[in-house]
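Examining the three-dimensional arrangement
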Amino acid sequence: TQLLEQSPQFLSIQEGENLTVYCNSSSVFSSLQWYRQEPGEGPVLLVTVVTGGEVKKLKRLTFQFGDARKDSSLHITAAQPGDTGLYLCAANFGNEKLTFGTGTRLTIIP
Amino acid sequence: DTAVSQTPKYLVTQMGNDKSIKCEQNLGHDTMYWYKQDSKKFLKIMFSYNNKELIINETVPNRFSPKSPDKAHLNLHINSLELGDSAVYFCASSQDSSGSGYGYTFGSGTRLTVV
């Protein structure tokens, strides 16, 4: 069974601070996606990374795919209240489904 | 236009009842999924259909039966509901089932509460 562990599980920081959340697995994955989920809604895709070592930026969000293809990180610069939500990584381990991580609940305090 | 729509949004029912959740996507995607999100927000796949054909059936009780009348629709019927079935059920779709990196588009969820 492939597992995706995310850390931290909960994170609460002040507006304007920077933060990094992590997604780790003991197995290699072929691609990885990050989603954000807000209360009462389904997850929304933020980014897909497919190449080891790849870095993608989406405004204040920077996504990194580890060289060994077993980990990924999401860094947010100058966090804003609108960044509040549940962040989920999801990996494809070479089969026809996405396995979701355990999630990081992020709260940005104004 | 909502890309993936599922109904109802909320469902409260008694133990032992049978209920259905409907899902429709207007994205022209080939693959549709049902995921269950528990109280700890963990998302676990239940079923996947590609062009009306079942391709993933995780370890789910037989009381859960998906049906895909066409590739734009995937419904979920649950028999003899139990307390442990209470969760949020999400429908999703993707361009194909190859796992090549296409994202999933999720519906807004159905919160099922069994009392």
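Treat the numbers as computed from the prediction; the structure is a model and nothing was measured.

Quick notes on the rules
Residues numbered from 1 in each chain as written. Chains lettered and ligands numbered in written order. Predicted model: local features only at pLDDT ≥ 70, side-chain atom pairs only at ≥ 80, totals over all residues. Heavy atoms only, no water. Salt bridge = Lys/Arg side-chain N within 4 Å of Asp/Glu carboxyl O. Buried < 20%, exposed > 50% of the residue type's maximum accessible area, 1.4 Å probe, protein only. Helix = DSSP H or I, 4+ residues; strand = E, 2+ residues; numbered from the N terminus. Pairing = 2+ DSSP bridges. Axes fitted to C-alpha atoms, helices over the stretch in contact; angles between N-to-C directions. Contact = heavy atoms within 4.5 Å. Buried area = accessible area lost by both parts, 1.4 Å probe. Polar contact = N/O pair within 3.5 Å; in protein donor to acceptor, adjacent residues only side chain to side chain. Nonpolar A, V, L, I, M, F, W, Y, C, P; charged D, E, K, R; others polar.

It is worth spelling out the pattern of salt bridges at this point. Counted according to the given criterion, the structure contains six salt bridges over all chains. We note a salt bridge from Lys56 of chain A to Glu54 of chain A, for which the minimum N-O separation is 3.8 Å. Overall, the relative accessible area of 17% leaves Glu54 of chain A in the buried class. For Arg63 of chain B, the salt bridge identified is with Glu82 of chain B, shortest N-O distance 3.5 Å. Taken together, the positions of Arg63 of chain B in the loop between strand S6 (53-57) and strand S7 (64-70) and Glu82 of chain B in the loop between strand S8 (73-78) and strand S9 (87-94) put the pair 19 residues apart, joining distant regions of the chain. Given a relative accessible area of 15%, Arg63 of chain B falls into the buried group.

Residue and element names in this part refer to chain B. Strand order in the open sheet formed by four strands is S1-S3-S8-S7, with antiparallel pairing between adjacent strands. At either end of the open sheet lies a strand with only one pairing partner, and these are strand S1 (4-7) and S7. Strand-to-strand twist across the sheet, computed as the mean angle between neighbouring axes with direction ignored, equals 15°.

Turning our eyes to something else, we now look at the sheet that holds strand S3 (residues 19-24) of chain A. Residues and elements named next belong to chain A. A sheet is described by the order of its strands in space; here five strands give the open sequence S1-S3-S8-S7-S6, paired in antiparallel fashion. Looking along the sheet, the strands with just one partner apiece sit at the ends: strand S1 (5-7) and strand S6 (55-58). With strand direction ignored, the average angle separating the axes of adjacent strands in the sheet is 15°. Pairing geometry for S6 and strand S7 (residues 61-65), over four bridges, is antiparallel. Bridge assignment links Val55 to a residue of S7, and that residue is Gln64.

Taken residue by residue, the interface counts 23 residues in chain B and 23 residues in chain A. Both sides of the chain B and chain A interface together cover about 1700 Å² of buried area, and 52% of this is carbon and sulfur. On the surface where chain B and chain A come into contact, there are zero salt bridges. Remark: the boundary between chain B and chain A carries five residue pairs in polar contact (both at pLDDT 80 or more). Class assignment for the residues of the side of chain B that touches chain A results in ten nonpolar, nine polar and four charged.

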